[in-house]
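Reading the structure
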Amino acid sequence: MLPFLLALIAVPALEIYVIITVAHLIGGWLTVGLLLAVSASGYWLIKREGRRTFRALREAVEGGRAPDREVVDASLVFVGGALVVVPGFVTDVVGLLLAAPFTRPLTRRLLTWAMARHAARRMAMMQRHGGPPGPGGPESGPTGPVIQGEIIQKSDQRTDHPSS
């Protein structure tokens, strides 16, 4: 939660700083024009890539194969599009890096690597502590009483007891 709050403060502050710096370098009107041009071209790219990724996703599903790469690509284009909509140079650059067809494969690989690393850490923690972390953290065990019982499957039910 804390990193999210820090980002909520840091990103707008960084955007304002960059916009003011660019305005001092090239002038206010050129800065506004550049922001509009980058947003318009980003919107066009997101629209085009969004269509491509969702078409690929649909084709993968219709072809009966797992659309893992397509789902990641669609997610990257979606997040990239959301960042392009936010006014500012920094979010536009990050959004375009996520959504552009020539940078998306690298972003996808980095994201997949980071997710695999995180999953491996979680698995190691679970093995070290004997199961998934409980509500109190990885050290806490199951909460509540243990109820002894027996699982009876439909094929195991006996029919020798007449129903009354």
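Above this text sits the structure in question.
Quick caveat, the model's predicted, so the values are computed rather than measured.

Let us look at helix 2 (residues 28–62). Spanning 35 residues, helix 2 covers 50 Å between terminal C-alpha atoms, matching the ideal 51 Å at 1.5 Å per step. Taken as a whole, helix 2 has its buried residues at Thr 31, Leu 35, Val 38, Gly 42, Leu 45, Ile 46, Glu 49, Gly 50, Thr 53, Leu 57 and Ala 60. On its buried face, helix 2 is in contact with helix 1 (2–26), helix 3 (68–85), helix 4 (89–99) and helix 5 (104–129). At the exit of helix 2 stands Gly 64, carrying a positive phi of roughly 80°.

With that settled, the discussion passes to the environment of Val 77. Take Val 77: it is sitting in helix 3. By relative accessible area, Val 77 is classed as buried at 3%. Separated by 32 residues in the primary sequence, Val 77 and Leu 45 have C-alpha atoms spaced 9.4 Å apart. Among residues more than four places away in sequence, those in contact with Val 77 are Ile 46, Glu 49, Gly 50, Thr 53, Ala 99 and Arg 104.

A separate point is the pattern of salt bridges. With the rule as written, the count across this model stands at seven salt bridges. The closest approach of N and O atoms between Arg 108 and Asp 73, which form a salt bridge, is 2.7 Å. Of this pair, Arg 108 sits in helix 5 while Asp 73 sits in helix 3, and the two are 35 residues apart along the sequence. The class for Arg 108 is buried, based on a relative accessible area of 17%. Overall, Asp 73 belongs to the buried group, its relative accessible area being 6%. Look at the salt bridges and you will find they share partners, linking Arg 48, Glu 49, Arg 52, Asp 73, Arg 104 and Arg 108 into a network.

A cluster of basic residues, Lys 47, Arg 51, Arg 55 and Arg 58, forms a positive patch on the protein surface. The residue Arg 55 is located in helix 2 in this model.

The topology assignment puts Thr 53 in helix 2. Residue class for Thr 53 comes out buried when judged on its relative accessible area of 5%. One polar contact links the side chain of Thr 53 to the main-chain carbonyl oxygen of Gly 50, over a distance of 3.1 Å. Not counting residues within four places of it along the chain, the set of residues in contact with Thr 53 comprises Asp 73, Ala 74, Val 77 and Arg 104.

Calculation criteria
- Residues numbered from 1 in each chain as written.
- Predicted model: local features only at pLDDT ≥ 70, side-chain atom pairs only at ≥ 80, totals over all residues.
- Heavy atoms only, no water.
- Helix = DSSP H or I, 4+ residues; strand = E, 2+ residues; numbered from the N terminus.
- Expected span 1.5 Å × (residues − 1).
- Buried < 20%, exposed > 50% of the residue type's maximum accessible area, 1.4 Å probe, protein only.
- Contact = heavy atoms within 4.5 Å.
- Salt bridge = Lys/Arg side-chain N within 4 Å of Asp/Glu carboxyl O.
- Patch = residues over 30% accessible without salt bridge, like charges linked within 9 Å, V, L, I, M, F, W, Y side chains within 5 Å.
- Areas by Shrake-Rupley, 256 points an atom, 1.4 Å probe, with all protein chains shown as cover.
- Lys, Arg positive; Asp, Glu negative; His and termini not counted.
- Charge placed at Lys NZ, Arg CZ, Asp CG, Glu CD.
- Polar contact = N/O pair within 3.5 Å; in protein donor to acceptor, adjacent residues only side chain to side chain.

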